[in-house]
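What follows is each chain in one-letter form.
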Amino acid sequence: PGRIAPPPKGEEDLPAGDAEKLCGVWRLVDRQKPAGSVVEKFGKGEGPIRIQAPNGVYVEVSVRSPGQVVGQRSVCGSLRIEREDGELISVRHKVLGFEPPSVGARKSRVALDAGGGEGGEDVAVETLLNGADGPEVERWERVATGDVTVLELSGIDPRPPGGLKHTGYWLFCSGHWARVTGPRYGEGLLASVCCRSVAQVQEIFGNAALTEMRAHYLASCGTFDKPGKLVTTREAWSAVIKAGVLYDAEKTRDEVRKDGDVIVHAPLSGSITTWNVQSFAVDPFTPAPKQAKTPTAPKGLRERGKSADSDKSSSSSGGKKKKKAKDSDSSDEEPQKGKKAEKEKEKDKKRSRSSSSAKSSSSGGRKKSDRDKRKKSRSRSRDKKGRDRSRSRSKDKKRDRSRSRDRRDRDRKDRDRSKSRDKKDRSRDRGKTRERSRKRSRDRSRDRSRKRSRDGSRDKKDKDRSRDRSRGRDKKDREKRRSRSQDRSRAKKKSPSRSKAKKEKEKEKKEKDSSSESDSDKKKKKEKDSSPKKKKKSKKKDDSSSDKDDEKEKEDEKDKKEEDSEKEDEKEKRKEKEKKGKDKKKKKKAKSDSSSDKKSDASEKEEEDEDAKSSDGAEKEEEVEKKKEDGGGEKAKEKGEDKDSSDAESSSSSS
């Protein structure tokens, strides 16, 4: 909405000279694009119609193909007049239209030709100055001139769907009317985007723009031959072009009501609209009063005629007056007829008596009787006038009562309609809230089911992964055990070979000792006699040293076996601890079902790290064990060497 040029605030009256030239009813004759090449041409009663008011408001109804979206160009707004180099320039600010808004107002140069039409009509040629698609020329012809009534839309009941604010104008001029309503610029899809055409808006928003046009935008025009009867000749969304009655005061006079500067239009079918009166030069809603069919003479002539009739013979006038009295009395109520008849009988008796006395009396008495008769006739005429006045008053009272009843009925109907509409609106709102709550519950159930399915799939994947890991670990443990058992078997196989080598060394040592002993024996033989006791002692020492060596070897083998058993026990305890830790982790995973994928990935990485650490620890332990075994072998070798050295020393000492 910030890019759309807003219309000027308030309406400014056009200058007097320009108002006479531009105001009235106009019709489009042809459209040239560019100048000289006619693109569209319209006959009388076919093309767009424009009504221009003196206060600047204008309404243009342009319906090329009724019932379709393509070709709808109806618009309304305000007109401003400018002068450039002595030329008249019209600046039309749009308030709403069936086409998307353009940047800035519509400026066009106007050339007026008084009486330039085929039938002597005024012609206005408008040349567009700021058109997006290039120069464009429109030729308009004036249809009628006169006073213009301007009505501005102020409210709609019920409110339009979507909460969009509607505006519009309804103009009347010399038997023609035009009306355009819809959302103002800046609201809705169509009125809030600057585009060249409706087709581009449809490409952007899809069919939503077309549905909005059909639901919110209305344009129609027509004629009224007499006040109180409006006829529709063209409508935006009706494909059938036929003259239909929009309003008939004789049939539905309550459809339009005027209260001060506000007019309420409440049709039998459709929404109720309220209009603010900007100018009310012509009243198109109230019909003209009916004229009397039979002409009546003035009151003075009527009184003279009555006096001349009264001067005639008393008998003829009396008879006629009796008939008139009877005819007049027949319209009164039944209980009054009897009383009037009795009074008339008494009057007749008095008249008969007076006539008999008048015959016997002189001429002077006749004159008095004529005067009395005249007085009586005057009094009777006065009584008739009073009766007529009372009757007219009673009729007026009855009319007022009937009108008040009609007004009360109208008010009741309006109240009933408003109540029914309020009920409908409430029911609709309740239905909408229920539907929204149902949708929310459905969405929640769907989200829960999706979460459950996701969690179930994740649990399955975690279980499968844990199974695969446990199986892989079991395989690794089995392979390690097998490798360790193989290593032990190899070590056992190697151990007897070492013992053999030791025995061979011992044998060699013994042979050396024996050779040394042979040399020493020769010497000993010589010294037998001298030292027999010393020989016995050396033999005992040799036997004791050999026994000690055997005992030490047995003790070393026992120590090795005990160390191996202790290591195996420690390994089994570690495996049990690892299994317990894994079980605890699995339980924690089962409890945390709502954890995200990131946490699961992190836990997997931690497990892999732990597995790698455990495997590294096991490999380190194996290396340590191998080192210990190697160290034990080296220690045994050192012990053997120590033993050999001790044997050599013993042999030397014995020697």
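Reading guide: rules and limits
- Residues numbered from 1 in each chain as written.
- Predicted model: local features only at pLDDT ≥ 70, side-chain atom pairs only at ≥ 80, totals over all residues.
- Heavy atoms only, no water.
- Disulfide = S-S within 2.5 Å.
- Axes fitted to C-alpha atoms, helices over the stretch in contact; angles between N-to-C directions.
- Helix = DSSP H or I, 4+ residues; strand = E, 2+ residues; numbered from the N terminus.
- Parallel < 35°, antiparallel > 145°, perpendicular 65-115°, else oblique.
- Contact = heavy atoms within 4.5 Å.
- Polar contact = N/O pair within 3.5 Å; in protein donor to acceptor, adjacent residues only side chain to side chain.
- Buried < 20%, exposed > 50% of the residue type's maximum accessible area, 1.4 Å probe, protein only.
- Arc of directions from axis to C-beta.
- pLDDT = per-residue confidence, 0-100.
- Core = buried A, V, L, I, M, F, W, Y, C linked by side-chain atoms within 4.5 Å.

### Side note on the state of the cysteines
Structurally, a disulfide amounts to a covalent bond that connects the sulfur atoms of two cysteines. For the structure on display, the rule yields zero disulfides. With no disulfide of its own, C23 lies 8.4 Å from the sulfur of C173, the closest cysteine sulfur.

### A word on the packing of helix α2 (residues 198-205) against helix α3 (residues 208-216)
Close contact between α2 and α3 brings their axes to 7 Å; oriented N to C, the two are set at 120 degrees. Comparing their axes, α3 and α2 come out oblique. Note on element contacts: α3 touches α2 through A208, A209, L210 and M213, opposite V198, V201, Q202 and F205.

### Re the side chain of N55
With respect to the helices and strands, N55 occurs in the loop between β3 (49-52) and β4 (57-61). Within the structure, the side chain of N55 is placed 3.3 Å from the backbone nitrogen of V57, a separation counted as a polar contact.

### Quick word on α3
All buried positions along α3 are accounted for by A209, L210, E212, M213 and H216. The buried side chains of α3 occupy one side of the element, clustering within an arc of 160 degrees when seen end-on. Next to the buried residues of α3 lie β11 (166-173), β12 (176-183), α2 and β13 (218-223).

### Some remarks on the confidence of the model for the chain
Keep in mind that low pLDDT regions are not for reading the predicted coordinates in detail. In the predicted model, the chain carries a mean pLDDT of 76, and 69% of its residues have values of at least 70. Scored below 50 in pLDDT, residues 297-335 shows 27 contacts in the model against residues more than four places distant or in partner chains. Throughout residues 648-655 the model reports pLDDT below 50, and contacts reaching past four residues in sequence, or to other chains, amount to four contacts.

### Re the nonpolar core
By size, the foremost hydrophobic cluster in this structure holds 35 residues, and its most contacted members are V59, F98, L171, V180 and M213. Secondary-structure elements contributing two or more residues to this core are β3, β4, β10 (148-157), β11, β12, α2, α3 and β13. Residues F172, W177, V256 and V277 belong to the second largest nonpolar core, which totals 14 residues.

### So, the environment of R27
Among the secondary structure elements, R27 is positioned in strand β1 (residues 24-32). Judged by its relative accessible area of 12%, R27 is buried. Put simply, R27 and A144 are 117 residues apart on the chain and 9.8 Å apart in space, counted from C-alpha to C-alpha. The contacts of R27, once residues within four sequence positions are left out, are F42, G43, K44, P48, R139, W140, E141 and V143. Of the polar contacts made by the side chain of R27, one reaches the backbone oxygen of G43; its length is 3.4 Å.

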